[in-house]
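Examination of the molecular architecture
Single-letter residue listing:
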Amino acid sequence: MEKPVPKQLAHPLAHGDAEALRIKVTLVLLKVMIVACVAFIVSYVASGKFALIPWLAIPFLLPSLALHHLLTKQRKYRYILWFLIYLFTALGLMKLTSAPDYLVDLFLIPTYIGACFLVLRHQHAVPMVVYLLAIYAVAAAVVYRFHPFPILYTNDNLSSVVTGFVLSIIGSTVTFYVFSKSYQQNSDRLSDTLYTLGKVNDDNKLLINVVTHDFRNYLTRLVLLIDICKSKSDDGSTLRELDNLEDAIHKLSELIGDVQTVRDLSSDKARQTTKPVAFGEMLKKIDLIFRHQMVVKQLAFDKAGVQPLTLDVNPDIFTHIILSNLIGNAIKF
């Protein structure tokens, strides 16, 4: 069955690119991060650690809300890059107040790394991951050796550890699902676009074939008329003018040949090989050409006065001349 030509999609990503996909995934990540911050705040309330709430709300929750609003209004990639630089720096500084072996870090770091490659260009994602790991390693080493600040986050807070583990799973699942689904949608749109462009390209090549063939036919008729005029004239100047006109027609014929050569050179190797073609597709092309020629020649069928519909032809002429010409042109093309 023939694949249908796709209709124009109204989805906002239909006219976008990879940047639009990154922004969409970033918005989902921000929603997950906002929910995660709220979940941690609830766990702090449940465990009675109210002093930890400002440490989470001010550096993480408020900036996430601000970026979500900004990306919704202005969908620009550089906002994502700046936010991740800020986020990883803030996480590194927060690491100075947590235990070096804080388990929540082990859960969330893989989520952060995956997020980098989903929302950043690869030339930015790799340095950002290195920066994240480096700042975490340096902060952990500083805490282990010097203890510059009181330790606020330890593995003794079981509610925070459990919350971090659950949120890392939820965040990774939601993020990768959204990215995978959007990527598949964009891939389908690309396949549909390539299919449509292929169909248009085939029609354009067919049009070039028909135009060049008809143009050559008219040039041949002109050459024949010139030969007839030359046979009927004895005037030297007239014969020279006819010769010049004939030379010009030959140049035009060579130009048409060059057009066909360039068309063949622009075709890929796959189009130079034979392959099976659905007969229904051939019928569509025949119908297209037939209706085009009817319009050009200003012809129309009047089926109302013909009952039954028959065609009066000379069988020998129809079979040996008309059909031979049609088949010969089809094989030539």
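For the structure, see preceding data.
Everything quoted here is computed from the prediction, not taken from an experiment. (Residues numbered from 1 in each chain as written. Predicted model: local features only at pLDDT ≥ 70, side-chain atom pairs only at ≥ 80, totals over all residues. Heavy atoms only, no water.)

**A few points about the overall build of the protein chain**
The following threshold applies: Only DSSP runs of H or I reaching four residues or more are called helices, and only runs of E reaching two or more are called strands; each is numbered from the N terminus. In what follows, a contact means two residues having at least one pair of non-hydrogen atoms within 4.5 Å. Using the Shrake-Rupley algorithm and a 1.4 Å probe, accessible areas are obtained, with residue cover drawn only from the displayed protein chains.
What the protein chain contains, in helices and strands, is nine helices and zero strands. Helices and strands in the protein chain line up, N terminus first, as α-α-α-α-α-α-α-α-α. Restricting to contacts in the protein chain with at least 6 residues of sequence separation, those with at least 24 account for 77%. On the protein chain, roughly 22,100 Å² of surface is accessible, and the fraction owed to carbon and sulfur atoms is 68%.

**With respect to the nonpolar core**
Test applied: Put simply, buried Ala, Val, Leu, Ile, Met, Phe, Trp, Tyr and Cys residues joined by side-chain atoms within 4.5 Å make one nonpolar core. Relative accessibility thresholds used throughout: buried, under 20% of the residue-type maximum; exposed, over 50%; partly exposed, between the two (1.4 Å probe, protein chains only).
Grouped together as the largest cluster of nonpolar side chains are 52 residues, with contacts concentrated most on F60, L84, L87, F88, V119 and L120. Elements with a minimum of two residues in this core: α1 (18-47), α2 (53-73), α3 (77-94), α4 (103-119), α5 (122-146) and α6 (158-232). When near neighbours in sequence (up to four residues on either side) are disregarded, L84 contacts V119, L120 and M128. Listed in part, the five residues of the second largest apolar core include V223, I226, L242 and I249.

**As for α4**
Rule in force here: Under the convention used throughout, the expected extent of a helix is 1.5 Å for every residue step, that is, one less than its residue count.
In a regular helix each residue adds 1.5 Å, so 17 residues correspond to 24 Å; α4 covers 25 Å between its end C-alpha atoms and thus fits that length. Those residues of α4 that sit buried are V104, D105, L108, I109, T111, Y112, G114, A115, C116, L118 and V119. Buried residues along α4 sit in contact with α1, α3, α5 and α6.

**Some points on unusual backbone geometry**
Look at H147: it is not a glycine, yet its phi comes out positive at around 50°. Along the chain, H147 falls in the loop between α5 and α6. H147 gets classed as exposed once you look at its relative accessible area, which sits at 51%.

**Considerations on the packing of α1 against α2**
Put simply, the rule reads: Note on geometry: axes are lines fitted to C-alpha atoms, helical ones only across the stretch in contact, with angles between N-to-C directions running from 0 to 180 degrees. Any angle from 65 to 115 degrees is called roughly perpendicular, while one under 35 is roughly parallel, one over 145 is roughly antiparallel, and all others are oblique. Helix crossings fall into two classes, left-handed where the near helix is turned counterclockwise from the far one by less than a right angle and right-handed where it is turned clockwise. In this classification, Asp, Glu, Lys and Arg are treated as charged, Ala, Val, Leu, Ile, Met, Phe, Trp, Tyr, Cys and Pro as nonpolar, and every other residue, Gly included, as polar.
Their axes nearest at 9 Å, the elements α1 and α2 cross at an angle of 155°. Considering their axes alone, α1 and α2 lie roughly antiparallel with respect to each other. Taken as a pair, α1 and α2 cross one another with a handedness that is left-handed. Contact with α1, carried on its side by T26, L27, L30, K31, M33, I34, C37, F40, I41, Y44 and V45, involves I53, L56, A57, F60, L61, S64, L65, L67, H68, L71 and T72 of α2 and no other residues of that element. For the contact of α1 with α2, the per-class residue count stands at 17 nonpolar, four polar and one charged.

**Remarks on the packing of aromatic side chains**
Aromatic ring pairs: the centre-centre distance and the angle between the two ring planes describe each pair. Formally: Working definition: rings of Phe, Tyr and Trp (its six-membered ring) pair if their centres are within 6.5 Å, and the pair is stacked with planes under 30 degrees apart, edge-to-face with planes over 60 apart, and tilted otherwise.
In total, this model carries eight aromatic pairs according to the counting rule given. Between F107 and F165 the ring centres are 5.1 Å apart and the planes differ by 65°, which places this aromatic pair in the edge-to-face class. Of this pair, F107 sits in helix α4 while F165 sits in helix α6, placing them 58 residues apart in sequence. Exposure remark for F107: the relative accessible area of 23% places this residue in the partly exposed category. On the numbers, 6.2 Å between centres and 15° between planes, the contact of F179 with Y183 is stacked. Here F179 and its partner Y183 are both found in helix α6, four residues apart, which amounts to about one turn of the helix. Taking relative accessible area as the criterion, F179 reaches 23% and is therefore assigned partly exposed.

**Thoughts on the side chain of S43**
Note that S43 resides in helix α1. Beyond its immediate sequence surroundings of up to four residues, S43 is in contact with S159, S160 and T163.

**Observations regarding the pattern of salt bridges**
To keep it simple, the criterion reads: One speaks of a salt bridge when a side-chain nitrogen belonging to Lys or Arg is within 4 Å of a carboxyl oxygen belonging to Asp or Glu.
The tally for this structure, following the rule as stated, stands at five salt bridges. With a closest N to O distance of 2.4 Å, D105 and K95 form a salt bridge. Here the residue D105 occupies a position in helix α4, and K95 occupies one in the loop between α3 and α4, the gap between them amounting to ten residues. We note that D105, like K95, is buried. Shared partners join several salt bridges into a network, and the residues in it are E19, R22 and R121.

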